[in-house]
Amino acid sequence: MKYADFYQRSVVTPEDFWRDEAALIDWNTPFSQVLDYSRPPFARWFVGGKTNLCHNAVDRWCATQGDKPALIAISTETNTERSYSFSELHVEVQRWAAMMQALGVRKGDRVLIYMPMIAEAAFAMLACARIGAVHSVVFGGFAANSLASRIDDAKPALIVSADAGSRNGKPIPYKPLLDEAISLASSKPARVLLVDRGLAPMRRVEGRDVDYAALNAAHLAAQVPVTWLESNEPSYILYTSGTTGKPKGVQRDVGGYAVALAASMKHNFCGKAGETFFATSDIGWVVGHSYIVYGPLIAGMATIMYEGLPICPDPGIWWSIVEKYRVTRMFSAPTAIRVLRKQQPEYMRKHDKSSLKALYLAGEPLDETTSSWIASELGVPIIDNYWQTETGWPILSIAKGIEDAPTKLGSPGVAMYGYKVKLINETTGDACAANEKGVVMIEGPLPPGCMQTVYGDDARFVDTYWTRNGDSVLYSTFDWGVRDADGYYFILGRTDDVINVAGHRLGTREIEESITSHPNVSEVAVVGVEDKLKGQVAVAFAILKDANAGTLEQDVMAVVDRQLGAVARPARVYFVTQLPKTRSGKLLRRSIQAICEGRSPGDVTTIEDPASLQQIQRALL
Ligand code: AMP
């Protein structure tokens, strides 16, 4: 079939299109209406239908391929490999569901999961889905303050965590950070369930902290039936960065998400039941939710969860996993491929990668050098895909499962089915012509699988993302883009204060707030600066209250490490006595960024004091 026809049907008669796609999953009760869009921009998909993500990911496959691998957890940090068949996963998930119920978790309650990349993290997510609890996974690299703000927003009934993660063979204790976060938070969880990996000592809080091993022992034979959920009930919250320091809780539904994942596994990732999928992301990010846990399992595939670095014990580790588990589809990020490119090619070449059919890359712009290099090393198609935490699955890509259309270097591809992608001129609000730069927007309704709202804050969802445009409403991706005459898009970076470090999304405001909490910092500007390896890095310019107090760059970095986590640590902190601002007091972040990247600062006619720009220039020398 021609992709253009498939796409047209998805946007011209979306209800017919998605009714057909909905048949890819199991429904306990059929839906009565495909789409309710009576209250734009809120879209409700598959109204009245009852289903369950855990059923579709696990139970559904037990009958036909119960003994086939479902979850393969590999850690090169602890040198362990554990493989669970669909039937074994079914058993584990029911134990976890029973443990959660025993700890008082009920349908609709939030469960915050702060875990390293171990199988138990996936069990916990699936168990929540099974009983209708709403999980909120927080990336293990985030530290106390980030965690505390998420605890306060989600108000979890239960937190699931572990003693430690591990990086490069060194334990990274989680429990002290978690304790600090809970003490900072005003909303306290009643219970904390802890997996002890024996990596770091843990202090238990009497009456609150529960040991997983002991509780699990009491639920070994647990049988917990699936709770059928109306399609639009919430499945999870995933926090992401925006323009303000306060993280946004992206809330997703059940039925729409299951259908979108099943559709994308078929049309984009061409996944077949019984095959193995390997996404190298982390469960703390959206890729981990969609394409480590739910997507592959919903498609009946085995999924690999990998804890470790891509270059340890040697740079061939990923390809040894591909060889051993006959991985057919792999999903990673450009930064990781750039890291691999710097290694000796023999490590990669010595492994049999003949099972691999395609490599999917997402999360940040894919440069031509990286793309061409990995394509020639692997000899398989490299498929870029552009999306965001908010959408849950690709907005732009090439749907190879529909048509083997060509890719174009530097472009993630064309609009995916269901997405009415528009490019809008920022000044005039008009649709852009071919090759004209504009903001990437999506005409509502968003297709199934995309965010329903900002958790607990419908107004913030509407105000942050949506603008009225004649009779329709437009969702902003906050990305600049251009489209060529063939309909291929090219993404040119964010329009807001969000930066992208190695595919990880960070808000400059969050980092600024953290740095100003240093007692000797009065003001700071954080910008994203182009970096050959990571795409972008954060760079800070800080004004000290007392320049003679001996405050060092490392002291400021340590504050960010402690509060937000090393993931948010700026690459450099420069001290200045003035920051470039407009006469109305607005920080000229774009000018600072331009100077850092060796470009002209642009239009600075509104600047209060041009000497501030010279300070930035001098600091960089
Ligand atoms: P996140 O929500 O963390 O997935 O970050 C989403 C943002 O990452 C997007 O708004 C883009 O700025 C960027 N992004 C994601 N995928 C791509 C891609 N394939 N090409 C270019 N930018 C991307």
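Note that the structure is predicted; figures quoted are calculated from it, not measured.

A. Quick look at the overall build of the protein. The helix and strand tally for the protein stands at 19 helices and 33 strands. Counting only C-alpha atoms, the protein reaches 70 × 60 × 55 Å along its principal axes. For the protein, with 621 residues in total, the buried portion stands at 61%. A separation threshold of at least 6 residues defines the contact pool for the protein, and within that pool the share at least 24 residues apart is 70%.

B. Structural context of helix H6 (residues 144-154). The element H6 is extensively covered by neighbouring structure, given that 8 of its 11 residues are classed as buried. Those residues of H6 not exposed but buried are Ala144, Ser146, Leu147, Ala148, Arg150, Ile151, Asp153 and Ala154. On its buried face, H6 sits against strand E6 (110-114), strand E8 (158-162), helix H7 (175-184), strand E14 (236-240), helix H16 (508-516) and helix H17 (553-563). Count one or two residues on from H6 and you reach Lys155, which has phi positive near 45 degrees.

C. How the structure looks around the packing of aromatic side chains. Using the criterion set out here, one finds 39 aromatic pairs in the structure. Ring centres of Phe139 and Phe142 lie 5.7 Å apart, and the angle between their planes is 90 degrees; on these two criteria the pair is classed as edge-to-face. Like Phe142, Phe139 is buried. Their ring planes at 35 degrees and their centres at 5.2 Å tell us that Trp393 and Tyr417 sit as a pair that is tilted. You can see Trp393 sitting in the loop between strand E20 (382-385) and strand E21 (396-397) and its partner Tyr417 sitting in the loop between strand E22 (414-415) and strand E23 (420-424), a full 24 residues away along the chain. In this structure, Trp393 and Tyr417 share a single accessibility class: buried.

D. Expanded view of the sheet that holds strand E5 (residues 80-85). Strand order in the open sheet made by the 7 strands is E5-E4-E17-E16-E18-E19-E20, with mixed pairing throughout. A strand with exactly one partner marks an edge of an open sheet, and here the two such strands are E5 and E20. The sheet shows a mean angle of 20 degrees between the axes of neighbouring strands, direction not considered. Sheet analysis places strand E4 (residues 69-75) next to strand E17 (residues 302-307), joined by 5 bridges and oriented parallel. By the bridge assignment for E17, Ser75 is matched with Glu307. Sheet strands in contact with helix H10 (residues 286-298) are E4, strand E16 (276-279), E17 and strand E18 (327-332), and its direction is about 145 degrees off that of E17.

Scoring rules and cut-offs
- Each residue is numbered by its place in its chain's sequence as written, counting from 1.
- Given that the model is predicted, a residue must reach a pLDDT of at least 70 before its local features are reported, and side-chain atom pairs must reach 80 or more before they are shown or counted; all residues, however, enter totals for whole chains, interfaces and linings.
- For the side-chain quantities, the full set of heavy atoms in the structure was used; hydrogens and water were omitted.
- Strands are runs of DSSP state E lasting at least two residues, helices are runs of H or I lasting at least four, and both sets are numbered from the N terminus onward.
- With a 1.4 Å probe rolled over the protein chains alone, any residue whose accessible area is under 20% of its type maximum counts as buried; one over 50% counts as exposed, and the rest are partly exposed.
- Throughout, a residue-residue contact means that at least one pair of heavy atoms, one from each residue, lies within 4.5 Å.
- To pair, rings of Phe, Tyr and Trp, with the six-membered ring standing in for Trp, must have centres within 6.5 Å; the planes then decide the type, stacked if under 30 degrees apart, edge-to-face if over 60, and tilted in the middle.
- Pairing between strands is defined by DSSP: at least two bridges between them are needed.
- An axis is simply a line fitted to the C-alpha atoms; with a helix, the fit covers only the stretch in contact. Between two such axes, the angle follows the N-to-C directions and lies from 0 to 180 degrees.

The values are spatial; any link to function lies outside them.
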